[in-house]
Amino acid sequence: GLTTDGGPKSLHRHRRGMHIFDIAAALVTLAALFGWLNHRYIRLPATIGLMVISMLFSLALVGLTALGIGVEGSLQRLLLSIDFDEALLQGMLGALLFAGALHLDLGDLAEQKWVILLLATFGVLLSTLIVGGASWWLFSALGIEIAFVSCLLFGALISPTDPIAVGAILRKLGVPPALLTVITGESLFNDGVGVVSFLVILGLAGAGHGTGTGVAGSEVLALLMLEVGGGLVFGALLGWFFYQMLRSVDNYQVEILLTLAIVTGGYAFADVLHVSGPLAMVVAGLFIGNRGRALAMSELTRRRLDDFWELVDELLNAVLFVMIGLEVLVLAFSPVSVVAGLVAIPLVLGARWISVGLPVTLRRMRRPFPPHAAKVLTWSGLRGGISVALALSLPAGPERDVLLTVTYIVVAFSIIVQGLTVEKVIRRSLAPTS
């Protein structure tokens, strides 16, 4: 009987399932322990503190290994067994974007729709071109041979912003509502646009087809239209369909399960349709968070739904920032790539300032906008897990090792330095002048 119903085959399936469980258990346990250390002793903003402690933990393991105490290998094997870009782009990103969109007021968003649209599309594309061209020159000056199209890929993956770590700070500081809506709205939509831009450039490079022939310009335009436009339309249809289901019941357990179905089933179906899953989740989240909350939910359901998605958001962010911190263990650092990463920091910030400055200037031509908005948008526009995930998805090779190291250094600076100083920058920028 052991060799059929209860034997090696079922044991093998059990072990394979436990492997996935072990990874999740390790990450959640580390997130809980590091979160406790941060809250008890360090008291940095939660996500920043988790990443800092994770990086220090990783560096301590590297140091112990250098001293002959072999404690680094097991955690390295654990990290290498995690497909980071798959876990984030196909697992966590949809839930994070849906949770973020759930509490964004559609009326406020409509007020700032044009500047958000410009920042999330034109701004991302302009930043991609600036970073791509400047980094190609930078790498050449440092003696690093990287193709121009690979530098454009770096520009595409580093341009989307992720102000998760500073969201609470922005609200606490009393940032003008218009500016807060722009920062939040841009970060929700530019993730999807950034991913699509990355995939298009990857197709141009021929990597998406495994050849060097690339794709035609008409194919690029068709891909953009399908991914972006299709994602927006699919998200609206998804939101409307589940809104009708939410209206027909009054049971918060069922209604929460329906919102989970949007994030899991909806994101998976978007992939089948070859449309942008991130953009679909943002639109569906806006639909449910506004029309659904107002017309299809009782007060009890709204409270329970908010509590549930706040907890999911906190848990996923905790695990994500621990994963980012631990990635130090699997990076191939070299002196020249570290120098390139350090020089890339002002390059990326400069591109960000230019790419947000133009839309903000155009916005001021039509209606008043808070002063120093470009400075606040630049410094609060943190890079996060999506940049690391896209860098990890690059084809294996020497170029990937360099770009991954450079990306990690820019992301680490962004989260730690910008995240810890954004409050001071915002206070000075928004302080009334005498």
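Since this is a predicted model, take the numbers as computed values, not measurements. (Residues numbered from 1 in each chain as written. Predicted model: local features only at pLDDT ≥ 70, side-chain atom pairs only at ≥ 80, totals over all residues. Heavy atoms only, no water.)

Peer 1: Would you take a moment to explain the overall build of the chain for this structure?
Peer 2: Looking only at helices and strands, one finds 17 helices and 0 strands in the chain. Looking at the chain residue by residue over its 434 residues, the buried ones come to 50%. Across the chain, the fraction of contacts at a sequence separation of at least 24, relative to all contacts at a separation of at least 6, is 82%. Taken as a whole, the chain presents about 20100 Å² of accessible surface, with 67% of it coming from carbon and sulfur. (Helix = DSSP H or I, 4+ residues; strand = E, 2+ residues; numbered from the N terminus. Buried < 20%, exposed > 50% of the residue type's maximum accessible area, 1.4 Å probe, protein only. Contact = heavy atoms within 4.5 Å. Areas by Shrake-Rupley, 256 points an atom, 1.4 Å probe, with all protein chains shown as cover.)

Peer 1: Could you clarify how one ought to interpret the side chain of Ser197 in this entry?
Peer 2: Position of Ser197 among the secondary structure elements: in helix 9 (residues 177-204). Not counting residues within four places of it along the chain, the set of residues in contact with Ser197 comprises Val124, Leu125 and Ala156.

Peer 1: Got a minute to help me understand the side chain of Ser380 in this structure?
Peer 2: Here Ser380 shows up in helix 15 (residues 373-380). The buried category is assigned to Ser380, whose relative accessible area is 1%. Here Val376 takes part through its backbone oxygen, which lies 2.6 Å from a polar atom of the side chain of Ser380. (Polar contact = N/O pair within 3.5 Å; in protein donor to acceptor, adjacent residues only side chain to side chain.)

Peer 1: Would you mind showing me how to read helix 15 here?
Peer 2: An α-helix turns once per 3.6 residues; consequently, residues spaced three or four apart project the same way. Burial within helix 15 is extensive, with 7 of its 8 residues counted as buried. Every buried residue of helix 15 is accounted for by Ala373, Ala374, Val376, Leu377, Thr378, Trp379 and Ser380. Buried residues along helix 15 sit in contact with helix 6 (113-141), helix 9, helix 14 (335-366) and helix 17 (398-430).

Peer 1: What is the right way to read the environment of Ile146 from this model?
Peer 2: The topology assignment puts Ile146 in the loop between helix 6 and helix 7 (148-158). Of the residues examined, Ile146 reaches a relative accessible area of 7% and is grouped as buried. As for Ile146 and Pro398, which are separated by 252 residues in sequence, their C-alpha atoms are 8.8 Å apart. What Ile146 contacts, discounting residues up to four positions off in sequence, is Trp136, Phe139, Cys151, Glu399, Val402 and Leu403.

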